[in-house]
Amino acid sequence: MMKTQKSLLIKIFVVQCLLVLCVAQDFDFFYFVQQWPASYCDTRRSCCYPTTGKPDEDFSIHGLWPNYENGKWPQNCDRESSLDESEISDLISTMEKNWPSLACPSSDGVRFWSHEWLKHGTCSALGERAYFQAALDFRKKSNLLENLKNAGINPRNGEHYTLESIKKAIEEGVGHSPYIECNVDTQGNHQIYQVYLCVDKTATDFIDCPVFPRGRGCGSKIEFPPFSSDHDEF
């Protein structure tokens, strides 16, 4: 009887493991999402700078998100998982700079990274370190700020730009068309918030997006807000 129960438990465990693996691999592509940090802050929601210091006025990583071509996405594919900081110890300093948390209260980013890993990373079919390394590599490869500057768009000069000019600059630099999401500041001005690029399901290369997300649209003129000069922290 004991042998039968043990055999049954092993079979159940194997099935559960296979189910988690299938769910993790059952997606079509990734959205690689970067945000303009000051646009996160320059709303009624406000923000808190990380405990590691004020972020650069440059695009930072929001996440690397598995998605389906029907517009839906998997999430929380392994609820028993947890972020193992030892797996990414050599990446922490780079993540603090390029993947900061602006949520309140101020933090060192670990809670944010843990959320991204549990919600999205566990569905990526990548190991923890490979998942975070891939996102950092795609940020470097996309080089949004430099691509914009090469097209005569300087986000730090306070000018407004058209949506098409921003999309064209990124497409020429990356080789694939982005999706641009905007939000509005407290005066109702449209500002660039997030840039979506698509990545193949092996997290190897940028690809043409099979489908664009349904985010907030942009007005005819878009600004890149600076961090407030009135405070060190919102």
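Sequence order as written defines the numbering, with residues in each chain counted from 1. Reporting of local features is limited, given that this is a predicted model, to residues whose pLDDT is at least 70; pairs of side-chain atoms are given and counted only at 80 or more, and all residues count toward the totals for whole chains, interfaces and linings. Side-chain figures throughout are based on the complete set of non-hydrogen atoms in the structure, without hydrogens or water.

The name given to the protein chain in an unreviewed UniProt entry is Intracellular ribonuclease LX-like, and the organism recorded there is Nicotiana tabacum. Of the comments in the UniProt record for the protein chain, the one headed Sequence similarities (unreviewed entry) reads "Belongs to the RNase T2 family." UniProt positions are given in the numbering used here, feature names are shortened, and annotations may be inferred rather than shown by experiment.

Student: Where do I start with unusual backbone geometry in this structure?
Tutor: Keep in mind that most residues, glycine aside, have a negative phi and that most peptide bonds are trans. Looking along the chain, the bond that leaves Cys104 and enters Pro105 is cis, with omega of -5°. By the element assignment, Pro105 lies in the loop between helix H3 (92-98) and helix H4 (110-119). Even without a glycine there, the phi angle at Asn76 is positive, about 50°. Only DSSP runs of H or I reaching four residues or more are called helices, and only runs of E reaching two or more are called strands; each is numbered from the N terminus. Along the chain, Asn76 turns up in the loop between strand S2 (60-67) and H3. Partly exposed residues are those whose accessible area sits between 20% and 50% of the maximum for their type, while under 20% is buried and over 50% is exposed, using a 1.4 Å probe and protein chains only. Classification of Asn76 as partly exposed rests on a relative accessible area of 24%. In the Ramachandran plot, Ala125 falls in the positive-phi region, its phi being about 65° despite a non-glycine side chain.

Student: Is there a simple way to explain the layout of surface pockets in this structure?
Tutor: Of the pockets and cavities examined, the largest pocket occupies roughly 680 Å³. A 1.4 Å probe that fits into a set of points on a 1 Å grid over the protein atoms alone but cannot get out defines a cavity; an open set with protein on both sides within 12 Å along at least five of seven lines defines a pocket, and lining residues are those with an atom within 4 Å of a point. Along the wall of the largest pocket there are 28 residues; nearest its centre are His62, Trp65, His115, Glu116 and Lys119. Taken together, the elements giving at least two residues each to the lining of the largest pocket come down to strand S1 (29-35), S2, H4 and strand S5 (190-200). Grid points are joined across faces, edges and corners, and a volume is the space filled by probe spheres set on the points.

Student: I'm lost on the state of the cysteines in this one. Help?
Tutor: Note: disulfide means a covalent bond formed between the sulfur atoms of two cysteine side chains. Whenever a pair of cysteine sulfur atoms sits within 2.5 Å, that pair is classed as a disulfide. The tally for this structure, following the rule as stated, stands at five disulfides. What pairs with Cys48 in a disulfide is Cys104, and their sulfur atoms sit 2.1 Å apart. The disulfide joining Cys48 to Cys104 has a torsion of about 100° about its S-S bond and is therefore right-handed. Remark: Cys104 occurs in the loop between H3 and H4 and Cys48 occurs in the loop between helix H2 (37-41) and S2; sequence separation between them is 56 residues. Classification of Cys48 as buried rests on a relative accessible area of 9%. Owing to a relative accessible area of 48%, Cys104 belongs among the partly exposed residues under this scheme.

Student: Which parts of the structure should I look at to understand H4?
Tutor: In an α-helix, one turn spans 3.6 residues; hence positions three or four apart end up facing the same way. Along H4, the positions that sit buried rather than exposed are Val110, Phe112, Trp113, Ser114, Glu116 and Trp117. Whether two residues touch is decided by their heavy atoms; if any such pair falls within 4.5 Å, the residues are in contact. In this structure, the buried side of H4 is in contact with S2, H3 and helix H5 (128-142).

Student: Any chance you could explain the pattern of salt bridges here in plain terms?
Tutor: Opposite charge on two side chains makes pairing possible when the charged atoms of those side chains draw close. In the sections that follow, a salt bridge refers to a side-chain nitrogen of Lys or Arg positioned within 4 Å of a carboxyl oxygen of Asp or Glu. Counted according to the given criterion, the structure contains four salt bridges. Arg139 is the partner of Asp58 in a salt bridge, and the nearest nitrogen-oxygen pair spans 3.1 Å. One end of the pair, Asp58, is in the loop between H2 and S2; the other, Arg139, is in helix H5, and 81 residues separate them in sequence. Look at Arg139 and you get buried, because its relative accessible area is 16%. Across the pair Asp90 and Arg129 runs a salt bridge whose closest N-O atoms are separated by 2.4 Å. Of this pair, Asp90 sits in the loop between S2 and H3 while Arg129 sits in helix H5, placing them 39 residues apart in sequence. Note on Asp90: relative accessible area 49%, which makes it partly exposed.

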